[in-house]
Amino acid sequence: MDVERIKFERTGGFANMRIAADLEPDDFSEEQLSALSDLLDKLDFAELPENMVSDPSASDQFTYTITVEAEEWMHTVVTGDASANEKMQELLELLNRLARNQMRKR
Amino acid sequence: MHKHSPILCIVPPHMLKEIAANGSEIQKRMAVDTINASAILRAERLKMAEFGAVFKSAIAKAAGDGKERIVYDAKNGSSLPGTIARREGDGPSADVAINEAYDGSGITYDLFKDIYNRNSIDGNGMRLDSTVHYQKGYDNAFWDGQQMVYGDGDENLPVSERLFNRFTIALDIIGHELTHGVTQFEAKLVYSQQPGALNESMSDVFGSLVKQYQRKQTADQADWIIGEGLLTANVNGIGIRTMKAPGTAYDDPVLGKDPQPAHMKDYVNTIGDNGGVHINSGIPNHAFYLTALELGGFAWEKAGQVWYATLRDKLTEKSNFQQCASLTYQTAGELFGTGSLEQQAVKNGWAGVGLNVEGGGTEPGGGCLESLLRFVGAAPAR
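Residues numbered from 1 in each chain as written. Chains lettered and ligands numbered in written order. Predicted model: local features only at pLDDT ≥ 70, side-chain atom pairs only at ≥ 80, totals over all residues. Heavy atoms only, no water.

> Can you help me understand the environment of B:Y191 in this one?
The topology assignment puts B:Y191 in the loop between α4 (171-185) and α5 (193-215). For B:Y191, a relative accessible area of 13% gives the class buried. For the pair B:Y191 and B:G276, spaced 85 residues apart in sequence, the C-alpha to C-alpha distance is 9.9 Å. Discounting residues that sit within four places of it in the chain, B:Y191 has contacts with A:A58, A:S59, A:D60, B:H180, B:G196, B:N199, B:E200, B:N274, B:V277 and B:H278. Within the structure, B:Y191 has its side chain in polar contact with the side chain of B:E200 (distance 2.6 Å). One polar contact links B:Y191 to B:H278, side chain to side chain, over a distance of 3.4 Å. (Helix = DSSP H or I, 4+ residues; strand = E, 2+ residues; numbered from the N terminus. Buried < 20%, exposed > 50% of the residue type's maximum accessible area, 1.4 Å probe, protein only. Contact = heavy atoms within 4.5 Å. Polar contact = N/O pair within 3.5 Å; in protein donor to acceptor, adjacent residues only side chain to side chain.)

Rendered as structure tokens:
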């Protein structure tokens, strides 16, 4: 899968600290890029429902908005901590780390 | 079921022994059979009694006879609830986060039970489950609809870059998360816009009261800070929010400035943060603070009673700030008398944030649609 760009935003949470970043392949190490590609494949990201925030009784969880732009498709998914499965959690952790690095460099 | 001789089964044991020793052959046999059967029956009765005690204890637990806590350890993973680390009655762990989650949920239970006569989150003895060490570098705590979850902050970053400590560090955070559970079982305030900000505010109010209750502080002695100790020394801030002076908790080059308003005239229209639930909660937070300060003494006693009864009996899923103001005023009248000092303090508290308890306060203007239009620049800014 040739990912061209990822837009990542994390909002909400107990402290309500927003994190956002536009990530391009150059922002990833080779190892991270391989992990990203693997996770997107395993999640079948392009086919995921757009809104995956399923539990209305959850409070203070983060809300994540991920837009993946690949060569032939673009897809946005909104998810939360409580509704994310294990692979999605891994993807969120990776993107969160990279987004924070990018924000720190600014 | 054992069969018994209709005569011998009512004969006292000492007499049976005599018959077994001195009776005819048939009398001896029947007496021995009866003695054996009685022994079996006694054993069964004993078993039934033991079972009854266990059953009674289970029923009592299910009905919520006393607090019941479990703290789990996610071991930096994402699976919930994780591995059991400390159960109710266990001694302290060597892990500080486990002990903070255990003690914090315990004192939160105590406040609701001792002061508001509420038996746990659901009012019926629900077990308090907490998970600590959730994920790596997870700078958050949340209520997932069933349990409390706490991250360790920025523990995966170099010390000089850390912004957050572990989220169990502040007792009011634990009280805050647990109160989300109470709201879920009572008013069920939807987590968006003003009902969501009221949901957040209720959690801050009772989170702060848990801390004050533990410290035995009066309203004027309390710091009214939410998340004191959560920010590291790298951040210019005293906490995440302050009910005393919303908007002044932090002002930092990395985190930015505390965005909370303290008055309806500064209400923030936004689509982020579920419509600003952690932002506009500053307004009802400050109304509670002003009420409690005017009443004096322990804030959990009068102001807390009014807010709790309103949360339990009056607020509904879509209640807004104006309705909350009017309903707390009404509740204060019911609890302390119409025209009482308590009711007047509630009125003044809301007036201090721009809301008239009889309606007609400063409206934030517009709803979701206007917020959206303003956000995209299609409506004039206020």
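Picking up after the structure, the text goes on.
> Explain the side chain of A:T63 to me, please; I cannot follow it from the model alone.
Turning to its location among the elements, A:T63 is positioned in strand β3 (residues 62-70). What makes A:T63 buried here is its relative accessible area of 17%. Apart from residues no more than four positions distant in its own chain, A:T63 is found in contact with A:E9, A:R10, A:T11, A:V78, A:T79 and B:N274.

> Can you walk me through helix α1 (residues 30-43) of chain A in this structure?
Since the α-helix turns once every 3.6 residues, residues separated by three or four places project in the same direction. All names here are of chain A. Under the 1.5 Å per step criterion, the end-to-end length of α1 is 20 Å for 14 residues, consistent within 8% with the ideal 20 Å. Taken as a whole, α1 has its buried residues at L36, S37, L39, L40 and L43. Taken end-on, α1 shows its buried residues confined to a sector of 165°, consistent with a single buried face. Across α1 from its buried face, at more than 90 degrees, point the exposed residues E30, E31 and K42. Check the buried side of α1 and you find it contacts β1 (3-12), β3 and α2 (86-105). Following α1 by one or two positions, D44 adopts a phi angle in the positive range, close to 50°. (Expected span 1.5 Å × (residues − 1). Arc of directions from axis to C-beta.)

> What is the right way to look at the interface of chain A and chain B in this model?
For interface size, the figure often reported is the accessible area lost on association. In this complex, chain A contributes 23 residues to the contact, which on the side of chain B involves 36 residues. Between chain A and chain B, roughly 2,300 Å² of surface is buried when both sides are summed, and carbon and sulfur atoms account for 50% of that area. Looking only at chain A, the three residues that lose the most surface to chain B are A:F14, A:M17 and A:D60, adding up to 30% of its buried area. Counting across the chain A and chain B interface gives 3 salt bridges. A:R10 is paired through a salt bridge with B:D139; the nearest N and O atoms lie 2.9 Å apart. (Buried area = accessible area lost by both parts, 1.4 Å probe. Salt bridge = Lys/Arg side-chain N within 4 Å of Asp/Glu carboxyl O.)

> When you look at unusual backbone geometry in this model, what are you seeing that I'm missing?
Leaving glycine out, the prevailing phi sign among residues is negative, and the prevailing peptide bond configuration is trans. Residues and elements named next belong to chain B. Cis geometry is adopted by the peptide bond preceding P81, which originates at L80 and carries an omega value of 5°. Structurally, P81 can be placed in the loop between β1 (69-73) and β2 (83-87). With a phi close to 75°, S120 is a non-glycine residue in the positive phi region. You can see S120 is positioned in the loop between α3 (96-115) and β3 (128-132). Even without glycine at this site, H133 takes up a positive phi of about 55°. Its location among the elements puts H133 in the loop between β3 and β4 (141-143). With relative accessibility at 14%, the residue H133 sits in the buried group.

> What is the right way to look at the sheet that holds β4(B) in this model?
The strands making up a sheet associate through hydrogen bonds between their backbones, and the pairing can be parallel or antiparallel. Residue and element names in this part refer to chain B. The sheet built from 5 strands is open, its strands ordered β2-β1-β3-β5-β4 with mixed pairing. The open sheet has two free edges, formed respectively by β2 and β4, since each of these has just one partner strand. Neighbouring strand axes in the sheet, compared pairwise and without regard to direction, differ in orientation by 20° on average. Note: β4 against strand β5 (residues 148-150), 3 bridges, orientation antiparallel. Among the inter-strand pairings, F142 is bridged to a residue of β5, identified as V149. (Pairing = 2+ DSSP bridges. Axes fitted to C-alpha atoms, helices over the stretch in contact; angles between N-to-C directions.)

> It is not clear to me how the packing of aromatic side chains should be interpreted in this structure. Could you clarify?
This model, assessed by the stated rule, comprises 21 aromatic pairs over all chains. When the ring of B:F112 is compared with that of B:F206, the centres are 5.5 Å apart and the planes differ by 40°; the resulting orientation is tilted. Of this pair, B:F112 sits in helix α3 while B:F206 sits in helix α5; the two residues are 94 residues apart in sequence, bridging distant segments of the chain. The exposure class assigned to B:F112 is buried, which follows from its relative accessible area of 2%. Among the aromatic residues, those joined into a cluster by ring pairs are A:F8, A:F62, A:Y64, B:Y134, B:Y138 and B:F142. Directly above the ring of B:Y102 sits B:R86, whose terminal nitrogen or CZ lies 3.6 Å from the centroid. Sitting over the face of the ring of A:F14, B:R241 holds its NZ or CZ atom 4.7 Å from the ring centroid. (Phe/Tyr/Trp six-rings, centres within 6.5 Å; stacked < 30°, edge-to-face > 60°. Lys NZ or Arg CZ within 6 Å of the ring centre and 35° of its normal.)

> Looking at this structure, how should I read the sheet that holds β3(A)?
Residues and elements named next belong to chain A. Strand order in this open sheet of 4 strands is β2-β1-β3-β4, and the pairing throughout is antiparallel. In this open sheet, the two strands that pair with only one neighbour each are β2 (19-23) and β4 (74-80). Each adjacent strand pair in this sheet contributes to an overall mean axis angle of 10°, direction not counted. Note that β1 and β3 share 9 bridges and pair antiparallel. For V3, the partnering residue across the bridge sits in β3 and is A70. Strands β1, β2, β3 and β4 of the sheet are contacted by α2, whose axis makes an angle of about 90° with β2.

> I'm lost on the pattern of salt bridges in this one. Help?
Side chains that differ in sign of charge can pair as their charged atoms come close. If you walk through the whole model with that rule in mind, you get 24 salt bridges over all chains. For A:E9, the salt bridge is made with A:R18, and the minimal N-O distance between the two is 2.7 Å. Here B:E334 makes a salt bridge to B:K314, at a shortest N to O gap of 2.8 Å. Pair noted here: B:E334 is in helix α9 (residues 321-336) and B:K314 is in the loop between α8 (303-313) and α9, with a separation of 20 residues, a long-range link. Relative accessible area serves as the criterion here: at 53%, B:E334 is assigned to the exposed category. Bridged by salt links that share partners, the residues B:D172, B:K211, B:R215, B:D223 and B:E228 form one connected network.

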